[in-house]
Amino acid sequence: MRMFLLLVPLTLILARCSPSGGDGGPTDIPNVQHTCTTSKCTSAPMTMYNSVTVFSVAGCSQSSIDYQPVASGTTTVNCNGTNCNGIVSTWRDPEGNVITSIPARPYYICSWIDFNQNSIKDAADEFSVLNESVNSASVRTINQWGATAFLSDL
């Protein structure tokens, strides 16, 4: 009985120390699937464009002060007149090092397809923003494009 009485408080203390709600220890960075069917994507004059995805803790602003990227990756999206598709599977930290995990927590997943190929996020591009907890390596699919949150700081 004494052992039970000692284990219950210890269990409660340990439960309070463990991450809850997806906050805490590292988790694998999920692949991010881009599927775009907006008019910009269906009328794209070329077949391949660069696309960028960033995991951010502070939104999708251009300003490096409040952007706070944790991981970023690029891919080539293939456009066929019906949609543009691509998947980001390799990630880098702000210093450019390849990484495979980030702290499990809520992130803004900011993506854009660089239609004018100038490597700058601008009004000619297509944008998407997801705001969700990342606590597993499940593929995240971005299929809602046309976000205006990106455009507020152009």
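All figures in this text were calculated on a predicted structure; none of them were measured in a lab. (Residues numbered from 1 in each chain as written. Predicted model: local features only at pLDDT ≥ 70, side-chain atom pairs only at ≥ 80, totals over all residues. Heavy atoms only, no water.)

Student: Please clarify how the pairing of strand β9 (residues 105-113) should be interpreted in this entry.
Tutor: In the case of a regular strand, side chains alternate between the two sheet surfaces. With six bridges connecting them, strand β3 (residues 48-56) and β9 associate as antiparallel partners. Bridge pairing in β9 places T53 opposite S111. Summarising the sheet, β9 and strand β10 (residues 126-134) pair through nine bridges and their orientation is antiparallel. Following the sheet pairing, S111 is matched in β10 by S128. (Pairing = 2+ DSSP bridges. Helix = DSSP H or I, 4+ residues; strand = E, 2+ residues; numbered from the N terminus.)

Student: Hey, could you run me through the environment of A71 in this one?
Tutor: Positionally, A71 belongs in strand β4 (residues 69-79). Sequence-wise, A71 and S56 are 15 residues apart; in three dimensions their C-alpha atoms are separated by 7.3 Å.

Student: Whenever I open this one, the state of the cysteines confuses me. Can you help?
Tutor: Here, disulfide denotes a covalent bond that connects the sulfur atoms of two cysteines. This structure, assessed with the given rule, holds two disulfides. C36 shares a disulfide with C41; S-S distance 1.9 Å. Between C36 and C41 the sulfur-sulfur dihedral comes to about 90°; the bridge is accordingly right-handed. Disulfide pairing places C79 opposite C84 at an S-S distance of 2.0 Å. Between C79 and C84, the disulfide has an S-S torsion of 110° and is therefore right-handed. Given a relative accessible area of 7%, C79 falls into the buried group. Judged by relative accessible area, which is 0%, C84 ranks as buried. (Disulfide = S-S within 2.5 Å. Buried < 20%, exposed > 50% of the residue type's maximum accessible area, 1.4 Å probe, protein only.)

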